Amino acid sequence: MRTQQKNKTTKIIVFVSLVAFLSFAFKGVEDRYFEIAKNLDIFATLYKEVNRYYVDEVNPNKLIKSGIDGMLASLDPYTNYIPEDEIEDYRTVTTGQYGGIGAVIGKRGDKTIILMPYEGFPAQLAGMRIGDQIISIDGTIINDKNTGEVSKMLKGQAGTKVKVVLKRYGKKEEIPLEITRQKIKVDNVPFHGMVDNEIGYFHLTDFTAGASKEIRDAIEDLKSKGAKKLIFDLRDNPGGLLHEAIAIANIFVEKDNPIVITKGKVAEWSKTYNALDKALDTEIPIVILVNGRSASASEIVSGVVQDYDRGVIIGQKTFGKGLVQATRPLSYNSQLKVTTAKYYIPSGRCIQAIDYSHKNKDGAAESIPDSLKVPFKTKKNGRVFYDGGGVAADITVEKPLMAQITLSLIEKNLLFDFATEFALKNTTITSAKEFSLKDSEYQDFTKWLVGKEYDYKTKVETDIETLISTSKKEKYYDDIKEQIQNLSTKVSHNKESDLIKFKTEIKEMLEHEIVSRYYLRKGIIEASFDYDPDVIEAIKVLNDTDRYAKILKPEPSKD
């Protein structure tokens with residue numbers, strides 16, 4: 001009897017506790033829904049009042065979009081509203097496909113210029129060249145239009161025609177062209193080739209649909225040409241589709257191994273993605289090149305290769321984007337791109353560098369401090385790496401600072417213009433890999449520069465100006481005036497002498513521009529091998545078997 005009474009009392013306590021919990025839970029939900037409804041009502045009434053009483057006419061689409069953008073910006077930079085009229089541009093980014101002529105355009109001063117026609121597509125086949133200025137499109141003069149507006153005018157349904165009038169550097173007559181648009185699919189792998197007899201190189205610029213197949217095809221082709229070692233270039237790659245990153249990592253990591261784990265608030269976004277297929281090659285030595293603009297999917301691939309001690313990472317620390325986005329449909333054919341999860345690579349580390357969930361008083365998100373970063377070990381050899389700050393390179397290559405004269409020549413488009421003029425005067429050059437400017441041709445360039453504006457300040461000159469300003473504020477200038485003037489005279493730059501002093505650097509950039517006129521994107525990459533510090537270091541590591549092995553399996557500490 002006492003036992004039955006005890007059980008009954010227990011049931012009553014459990015029941016009361018459950019009712020209390022459910023009441024609290026539903027109260028929490030009700031409160032949350034009330035807050036949402038209240039704020040939506042405030043927003044709607046506020047908009048009505050602004051629309052009715054604001055002194056000038058209000059554009060409803062622009063005003064509402066500004067409000068939406070401001071709201072989403074308080075979360076993170078990757079959660080975005082995509083209105084119906086921007087959906088096509090978003091599809092282009094995610095698929096790499098669009099209807100158009102196949103060319104990259106950009107501004108050079110106030111002119112809209114062809115920067116790069118894609119090989120084998122309508123722009124190149126119609127005769128467009130790098131440096132051509134676009135004057136009009138379908139009869140509309142484009143002088144006052146920005147790059148985005150011009151780009152939209154060139155794009156359109158595959159099979160439709162567009163009339164373009166060009167002005168070519170050094171030619172008086174305008175060039176009218178009628179081009180038939182087609183479906184443009186930009187290659188994820190713009191170049192693959194042999195660096196030497198044993199080392200193959202391939203460059204991945206995006207993770208759009210088909211990227212993993214392009215990588216597999218490139219590797220198989222390189223191996224058929226004798227490649228026994230590989231350089232995989234992921235520099236400046238902003239990422240893309242998660243499933244393509246998983247498939248590419250799977251090329252080097254065997255089937256059933258975990259590639260990436262995602263964790264989100266909603267259960268469907270929390271899952272483990274394993275390698276689904278047989279790896280293409282788990283043994284070939286590989287170096288992956290990364291930099292501070294290698295992000296997202298690039299960090300998954302490089303992080304997986306590092307976590308399985310499968311290859312050596314060379315370059316600079318990656319961007320640090322450990323967030324996953326998905327698109328959700330909204331009304332009126334618009335969409336929301338929303339961050340749904342964080343991702344974790346096989347060692348368990350998340351490489352997200354910025355903590356958007358905790359912001360300082362002015363609303364800015366900050367990097368995760370070193371004190372909160374946690375060590376993780378690689379799966380095979382137990383090497384230690386930290387979370388919260390991108391993928392760290394196994395070998396960091398410092399990028400040399402470019403001389404001010406070189407930066408000025410680039411900024412003023414003088415290297416660009418000379419390369420365009422060079423191509424008009426020279427119908428052919430040697431291969432991209434072998435091309436080198438003769439000393440006499442470099443002298444022609446320096447003579448061509450005479451009378452052209454490209455003045456600049458060196459870092460030392462800027463520092464001296466700061467010293468003068470500070471010394472005047474602190475009343476010391478008169479005491480050191482003579483020394484400062486002597487120093488200024490000694491370091492005052494001379495453009496003619498700088499053209500000689502920095503000849504090697506300027507010549508490399510000029511060769512880069514000239515090669516692009518003949519061999520387009522592929523040529524630019526191939527021409528850079530001899531002076532690219534990351535590639536040079538990769539070749540050294542791959543050719544030093546012992547060093548390569550020690551990086552991946554360092555000797556245990558004797559401490």
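Residues numbered from 1 in each chain as written. Predicted model: local features only at pLDDT ≥ 70, side-chain atom pairs only at ≥ 80, totals over all residues. Heavy atoms only, no water.

**With respect to the confidence of the model for the chain**
With 94% of its residues at a pLDDT of 70 or more, the chain has an overall mean of 90. Predicted confidence for residues 5–26 stays below pLDDT 50, and this span has 0 contacts to residues more than four positions away or in other chains. (pLDDT = per-residue confidence, 0-100. Contact = heavy atoms within 4.5 Å.)

**Description of the nonpolar core**
The biggest cluster of nonpolar side chains holds 63 residues, and the ones touching the most others in it are I231 and F232. If we skip the residues at most four places from it in the chain, F232 touches F202, L204, I215, I248, F252, I286, V287, I288, L289 and V301. By size, the runner-up hydrophobic cluster in this structure holds 26 residues, among which are L415, I429, L437 and M509. (Core = buried A, V, L, I, M, F, W, Y, C linked by side-chain atoms within 4.5 Å. Buried < 20%, exposed > 50% of the residue type's maximum accessible area, 1.4 Å probe, protein only.)

**Overview of the packing of aromatic side chains**
Considering all chains together, one arrives at 12 aromatic pairs under this definition. With a centroid separation of 6.3 Å and an interplanar angle of 70°, the aromatic rings of F422 and F435 are classed as edge-to-face. Of the two residues, F422 sits in helix α10 (residues 414–425) while F435 sits in the loop between α10 and α11 (439–449), which places them 13 residues apart along the sequence. Across the pair, exposure class does not vary: F422 and F435 are buried alike. A ring pair is formed by Y442 and F445, whose centres lie 6.0 Å apart and whose planes are at 50°; its orientation type is tilted. Placement of both Y442 and F445 in helix α11 is noted, with a separation of 3 residues, approximately one turn of the helix. Side by side, Y442 and F445 carry an identical accessibility label, which is buried. Joined through ring pairs, the aromatic side chains of F418, F422, F435, Y442, F445 and W448 make up one cluster. Just above the ring of W448 sits the side chain of K452; from NZ or CZ to the centre is 4.2 Å. (Phe/Tyr/Trp six-rings, centres within 6.5 Å; stacked < 30°, edge-to-face > 60°. Helix = DSSP H or I, 4+ residues; strand = E, 2+ residues; numbered from the N terminus. Lys NZ or Arg CZ within 6 Å of the ring centre and 35° of its normal.)

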